[in-house]
Amino acid sequence: MAAKTNEPTVRPKHPELNGTVVVYSPYINRQKTIQEGRRIPQELACDDPTAWEIMEVCKRLFPETAVEGENKGYSRDYEAQWPPMRGRIRVRLFEKEGGAPLNPEITTRKQLFLKIAELIPKMASRQPGYVNPNAPKEERPGGGTNKKKKKGK
């Protein structure tokens, strides 16, 4: 039998994930309680952020290669099991080699959560009068060419 040493055993499960932070929408949602998963103070959180909004903000703060989205739901939040709330955003805060921060202003999880919550209400999609350019155009009532065919001859 081998002698035990006091040195900790290092068993990195996923070394490629070192330096990354996971963000779910309940982490920064003002309507959620601490027990439901909110990670920042309620007065600094934003209203109902979607996974898409979180990802867009993170892409502005970090290089696109440092941000990835996954179709995963947050276990504590039953409502977020369906789109658009469903989604796990993984953000790399530090370079793989050297460990230098990719964004010098954001070096901790809490700083990331606070910055995302600050920027989401400023997004164009959150402003009054915003029209989604990708949304299907609505047909005008009475403007169609639905003429009935006459039966007979």
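Refer to the structure above for everything that follows.
Predicted model only: the values in this text are computed from it and were never measured.

Draft legend 1. Representation of the packing of aromatic side chains in the model. Under the counting rule described, the total for this entry stands at two aromatic pairs. With 5.6 Å between their ring centres and 75° between their planes, Tyr24 and Tyr27 make a pair best called edge-to-face. Note on Tyr24: relative accessible area 10%, which makes it buried. Residue classification places Tyr27 among the buried positions, given a relative accessible area of 6%. Aromatic pair Tyr27 and Phe113: ring centres 5.3 Å apart, planes at 65°, arrangement edge-to-face. With a gap of 86 residues between them, Tyr27 in the loop between strand 1 (20-23) and helix 1 (51-61) and Phe113 in helix 2 (residues 109-119) connect regions that are remote in the sequence. Members of the aromatic cluster, connected to one another through ring pairs, are Tyr24, Tyr27 and Phe113. A cation over an aromatic ring shows up here: Arg39 above the ring of Tyr27, its NZ or CZ 4.1 Å from the ring centre.

Draft legend 2. Examining the nonpolar core more closely. Ranked by internal contacts, the top residues of the largest apolar core, which has 29 residues, are Ile28, Phe62, Ile89, Leu112 and Ile116. At the level of elements, strand 1, helix 1, strand 3 (88-92) and helix 2 are the ones that each hand at least two residues to this core. Among the elements that make up this core, the one with the highest residue count is helix 1 (six residues).

Draft legend 3. The environment of Pro41, seen in detail. Within the secondary structure, Pro41 sits in the loop between strand 1 and helix 1. When the C-alpha atoms of Pro41 and Leu114 are compared, they prove to be 9.0 Å apart, with 73 residues separating the residues in sequence. The residues touching Pro41, leaving out its near neighbours within four places in the chain, are Lys110 and Leu114.

Draft legend 4. Summary view of the environment of Glu16. Assignment of secondary structure puts Glu16 in the segment before strand 1. Since its relative accessible area comes to 44%, Glu16 is described here as partly exposed. For the pair formed by Glu16 and Lys96, sequence separation is 80 residues and the distance between their alpha carbons is 7.8 Å.

Draft legend 5. The pairing of strand 3, seen in detail. Most of strand 3 sits inside the fold, with five of its five residues counted as buried. Residues Arg88, Arg90 and Arg92 point to one face of strand 3 and Ile89 and Val91 to the other, with burial holding for every one of them. Sheet topology note: the strand 1/strand 3 ladder contains four bridges and is antiparallel. Its bridge partner being in strand 3, Val23 is matched across the sheet by Ile89. Looking at chain direction, strand 2 (residues 67-70) and strand 3 are connected through four bridges and run antiparallel. If you follow Gly69 over to strand 3, its bridge partner there is Ile89.

Definitions and cut-offs
- Residues numbered from 1 in each chain as written.
- Predicted model: local features only at pLDDT ≥ 70, side-chain atom pairs only at ≥ 80, totals over all residues.
- Heavy atoms only, no water.
- Phe/Tyr/Trp six-rings, centres within 6.5 Å; stacked < 30°, edge-to-face > 60°.
- Buried < 20%, exposed > 50% of the residue type's maximum accessible area, 1.4 Å probe, protein only.
- Helix = DSSP H or I, 4+ residues; strand = E, 2+ residues; numbered from the N terminus.
- Lys NZ or Arg CZ within 6 Å of the ring centre and 35° of its normal.
- Core = buried A, V, L, I, M, F, W, Y, C linked by side-chain atoms within 4.5 Å.
- Contact = heavy atoms within 4.5 Å.
- Pairing = 2+ DSSP bridges.

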